[in-house]
Amino acid sequence: MGENVFSGRSLCVIDDFSVQERQYLFSRTKELKDAIVEGREDRADVFRINDQDYGIYEVFLEDSTRTRESFRNAAKFHHVKVSELNVDSSSFTKGESFADTFNTLCGYSNAIFIIRSKVEGVCRWLEQECTDYARRNGLPYTPVFINAGDGKHEHPTQELLDEFTFLEDNLWSTENIHLALVGDLFHGRTVHSKANGLTLWKNVKVDLIAPKELSMPASYVVKMKENGFDVRSFSSLEEYLAQDDIAPKWYFTRPQLERMGERILKRQDELRASITFRKEWLDVIDPATRFYHPLPRHKEHPTIPTFLDATPFNAWERQSINGMYVRMVLLSFVSGRIGEDFIPPVHETKTEAEDYIVKVSLEGKEGKPKQYSEGVKPLHDGIVIDHICTGDTPSEIREHMRRISRVLDLDDGRGGEWISCGEDGRFKGILFRPEVAPLPRKSLKRLAAVAPGCTLNIISGAKITEKYRMRMPPRIYNFDDLGCTNTACISHESLHEGVPAMFRRTADDKFECAWCDTVHGFKEIWKGAMARDKREEA
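The name given to the chain in an unreviewed UniProt entry is Aspartate carbamoyltransferase, with Parasphaerochaeta coccoides as the source organism. Listed in UniProt under the heading Pathway (unreviewed entry), the comment for the chain reads: "Pyrimidine metabolism; UMP biosynthesis via de novo pathway; (S)-dihydroorotate from bicarbonate: step 2/3." The UniProt entry for the chain carries the following text under Catalytic activity (unreviewed entry): "carbamoyl phosphate + L-aspartate = N-carbamoyl-L-aspartate + phosphate + H(+)".

And the structure:
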């Protein structure tokens, strides 16, 4: 037996468990489900933590009957101490931070926390903060955080039970899956988890069925395509059924129109009709088709009407039951009870070279003054930042050059900005500051983040003495003026949690928040820009 790679692991997003780890989890879930269905207590006992002093804490800061009760029953299966935070009388109502609350609970022999919240990225933050707390105080365990749904972000345990049920209906094959996602794809965190979750299958085809107002956010569509999924979009079930390539698995979600304002509510009948199954389609679709739903269904306007309950299309009830089995096994894993026989595949560790600040050789160019057109006077000493936002409009470039000046603390003193036109006819910005000393390394990192693609020239004696080309950095953090624009993010300043903003570069050269996964353009992550945007909106 090797080291248990699951022990002490948190599950904040579905991608925290690799494809191979999920495959192993599902094989053990099948084993436990079979044992319970067959009444084999001896086989089920292998999975039990069976320690009355082992603490599992449920903290549901947002209503959820099914997920909460599913986890509670899964925890009771393990014969452990199960606690629940009374949110109405908790310290949260007194303005205490997430970190202080959960650090305190960690000190009371609670090893696993199951959290549902409207705040996005909260589990990822607590994983970091409370692990540090446990180390500082010599706790004998690493606290585990399981995301039971955070805002519009993700719901990874729902994704696990969905995948397990899809596998059952796929006869355990991970070769191909063709899935239709129907309903509120904008707010539905269960469908957002599928952007990475469906990588369990080698060949994935996803049909997105929703009116424009409820369509999947572009960032998740991009992620699906990056993962190699074949993605199609349809505005309604009627449009979907008018073509021939129909998925054998349909996953419905409840439209959350109450979150979208009066204008949308006036059209709610039309929007609901576009994603609700109708009796007239029963003879159109293959009898082997299976319908799924994370539940609950809306009692007045169910997207899967109740006339389907007694039909073979009904896979959502088994899907719901599977949730308890999957969560039983998940708790077994992260507690270290089982999993030591899993041998992870060996992957080559990739090192991220810091190549986003590229010093350009001046060999053969020494002594040549930098030439600028259209009235820009060459500097004798100072810095010139060239090729800013090449291809943008002049007004966009001017606005961003003001942002660059603030970010690099270049607002004081002489100098200015200029709009020029390159040989290719595209506009570009030039920012020049006379008698400014060469930028320190930290400022170079900031420049690479705020103006990727630009060129920095260090001028001395009217000659270029150093030249750098800036590329977008793979990560950006430790800057006080960074900020995620998602007001539900744990790092957003309006929540006063003191969580530092952190971003990572995406495959399409944008910045993704490390906590809530919100995708930003490089111009959007600076607080000065956000404050100005708020003023303009006002």
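J.: With reference to specific residues and values, describe the packing of helix H3 (residues 65–77) against helix H13 (residues 316–335).
T.: One can describe the packing of H3 onto H13 by two numbers: an axis separation of 8 Å at closest approach and a directional angle of 50°. If you check the angle between H3 and H13, you find them oblique. Once H3 is placed against H13, the crossing between them reads as right-handed. In this structure, H3 contributes Thr67, Ser70, Phe71, Asn73, Ala74, Ala75 and Phe77 to the contact, and H13 contributes Gly323, Met324, Arg327, Met328 and Leu331.

J.: I'd like to hear about the packing of helix H6 (residues 156–169) against H13, residue by residue, with values.
T.: Orientation of H6 relative to H13, taken along the N-to-C sense of each, is 115°, at an axis distance of 8 Å. Two packed elements cross with a definite hand, and for H6 against H13 that hand is right-handed. Here H6 contributes Thr157, Gln158, Leu160, Leu161, Asp162, Phe164, Thr165, Glu168 and Asp169 to the contact with H13, which in turn contributes Arg318, Gln319, Asn322, Gly323, Val326, Arg327 and Leu330. The class makeup of the residues in the contact of H6 with H13 is five nonpolar, six polar and five charged.

J.: Hey, could you go over the sheet that holds strand S3 (residues 110–117) for me, with residue numbers and the actual values?
T.: Spatial strand order, S2-S1-S3-S4: four strands in an open sheet with parallel pairing. Edge strands, defined here as strands with exactly one partner in the open sheet, are strand S2 (81–84) and strand S4 (144–150). The average undirected angle you get between the axes of adjacent strands in this sheet is 15°. The pairing of S3 with S4 spans five bridges and is parallel. Within S4, the residue paired with Ile115 across the bridge is Asn147. Running at roughly 175° to strand S1 (residues 55–60), H3 makes contact with S1, S2, S3 and S4 of the sheet. Helix H5 (residues 122–136) contacts S3 and S4 of the sheet and is inclined by roughly 165° relative to S4.

J.: So what about the side chain of Glu163? Which residues, and what values?
T.: Take Glu163: it is sitting in helix H6. Setting aside residues up to four positions removed in sequence, Glu163 forms contacts with Ile14, Arg22, Phe26, Gly197, Leu200 and Trp201.

J.: So what about the sheet that holds strand S14 (residues 455–460)? Which residues, and what values?
T.: The strand order across the open sheet built from six strands is S10-S15-S14-S11-S13-S12, with neighbouring strands paired in antiparallel fashion. Unpaired on one side and paired on the other, strand S10 (357–359) and strand S12 (416–421) mark the two borders of the sheet. Between one strand and the next, the sheet's axes are offset by a mean angle of 25°, whatever the strand orientation. Sheet analysis places strand S11 (residues 381–388) next to strand S13 (residues 427–434), joined by five bridges and oriented antiparallel. Across the sheet, residue Val384 finds its bridge partner in S13, namely Phe432. On the sheet, helix H14 (residues 394–407) packs against S11, S12 and S13 and is oriented at approximately 30° with respect to S13. Along the sheet face, helix H15 (residues 441–450) touches S10, S11, S14 and strand S15 (463–470) and points at about 115° away from the line of S10.

J.: Kindly report on the environment of Leu105, identifying the contributing residues and their values.
T.: Along the chain, Leu105 turns up in helix H4 (residues 98–106). Separated by 50 residues in sequence, Leu105 and Gly55 have C-alpha atoms that sit 9.8 Å apart.

J.: With reference to specific residues and values, describe the domain arrangement of the chain.
T.: Looking at the assigned domains, one finds that the chain contains domain 1 (14–154 + 324–335), domain 2 (156–311) and domain 3 (357–363 + 374–473). Spacing between the C-alpha centres of domain 1 and domain 3 amounts to 50 Å.

J.: Please give an account of the pairing of strand S6 (residues 203–209) that cites residues and values.
T.: Of all the seven residues making up S6, six are buried; the element is thus mostly covered by neighbouring parts of the structure. As paired strands, strand S5 (residues 176–182) and S6 are joined by seven bridges and run parallel to one another. For Asn176, the partnering residue across the bridge sits in S6 and is Asn203. Of the pairings in the sheet, the one linking S6 to strand S7 (residues 230–234) comprises five bridges and is parallel in character. Residue pairing in the sheet places Val206 in a bridge with Val231 of S7. Once the chain exits S6 it traverses helix H9 (residues 218–226) before rejoining the sheet at S7, and the crossover so formed is right-handed.

J.: Mind laying out the pattern of salt bridges, listing which residues take part and the relevant values?
T.: Applying the stated criterion across every chain, the model contains 40 salt bridges. A salt bridge links Lys194 to Glu159, with the nearest nitrogen and oxygen atoms 2.7 Å apart. Of the two residues, Lys194 sits in helix H8 (residues 194–197) while Glu159 sits in helix H6, which places them 35 residues apart along the sequence. As far as the burial class goes, Lys194 and Glu159 line up, both buried. Taken together, the salt bridges that share partners define one network made up of Glu58, Arg68, Glu69, Arg72 and Glu84.

J.: Can you lay out unusual backbone geometry for me, pointing to particular residues and giving the numbers?
T.: Across residues other than glycine, the phi torsion is negative in most instances, and most of the peptide bonds are trans. Of the consecutive residues Leu295 and Pro296, the connecting peptide bond is found in the cis state with omega at 5°. Even without being glycine, Trp172 reaches a positive phi, approximately 70°. Its location among the elements puts Trp172 in the loop between H6 and S5.

J.: So what about the UniProt feature "domain: Aspartate carbamoyltransferase regulatory subunit C-terminal" (unreviewed entry) in the chain? Which residues, and what values?
T.: The positions that UniProt labels "domain: Aspartate carbamoyltransferase regulatory subunit C-terminal" (unreviewed entry) are, in the present scheme, residues 475–525. Structurally, residues 475–525 is divided into 0% helix and 20% strand, and its ends, taken at the C-alpha atoms, are 13 Å apart.

J.: Give a description of H9 that names residues and reports values.
T.: For H9, the complete set of buried residues consists of Tyr220, Val221, Lys223 and Met224. In an axial view of H9, the angular spread of the buried residues amounts to 160°, which keeps them on one side of the axis. More than 90 degrees from the buried face of H9, the exposed residues found are Ala218 and Lys225. Downstream of H9 by one or two residues, Gly228 has phi in the positive range, about 85°.

J.: An account of helix H1 (residues 19–37) is needed here, citing residue identities and associated values.
T.: Owing to its 3.6 residues per turn, the α-helix brings residues three or four apart onto one side. With 19 residues, H1 extends 27 Å between its outermost C-alpha atoms, agreeing within 8% with the 27 Å of an ideal straight helix rising 1.5 Å per residue. Of all the residues in H1, the buried ones are Glu21, Arg22, Tyr24, Leu25, Phe26, Arg28, Thr29, Leu32, Lys33 and Ala35. Buried residues in H1 make contact with helix H2 (41–45), H3, H6, H8 and H13. At the exit of H1 stands Gly39, carrying a positive phi of roughly 75°.

Cut-offs and rules
- Residues numbered from 1 in each chain as written.
- Predicted model: local features only at pLDDT ≥ 70, side-chain atom pairs only at ≥ 80, totals over all residues.
- Heavy atoms only, no water.
- UniProt positions renumbered as here; feature names shortened; annotations may be inferred.
- Axes fitted to C-alpha atoms, helices over the stretch in contact; angles between N-to-C directions.
- Helix = DSSP H or I, 4+ residues; strand = E, 2+ residues; numbered from the N terminus.
- Parallel < 35°, antiparallel > 145°, perpendicular 65-115°, else oblique.
- Left-handed = near helix turned anticlockwise from the far one by under 90°.
- Contact = heavy atoms within 4.5 Å.
- Nonpolar A, V, L, I, M, F, W, Y, C, P; charged D, E, K, R; others polar.
- Pairing = 2+ DSSP bridges.
- Domains from an automatic or database assignment.
- Buried < 20%, exposed > 50% of the residue type's maximum accessible area, 1.4 Å probe, protein only.
- Right-handed = clockwise from strand over helix to strand, strands pointing away.
- Salt bridge = Lys/Arg side-chain N within 4 Å of Asp/Glu carboxyl O.
- Arc of directions from axis to C-beta.
- Expected span 1.5 Å × (residues − 1).

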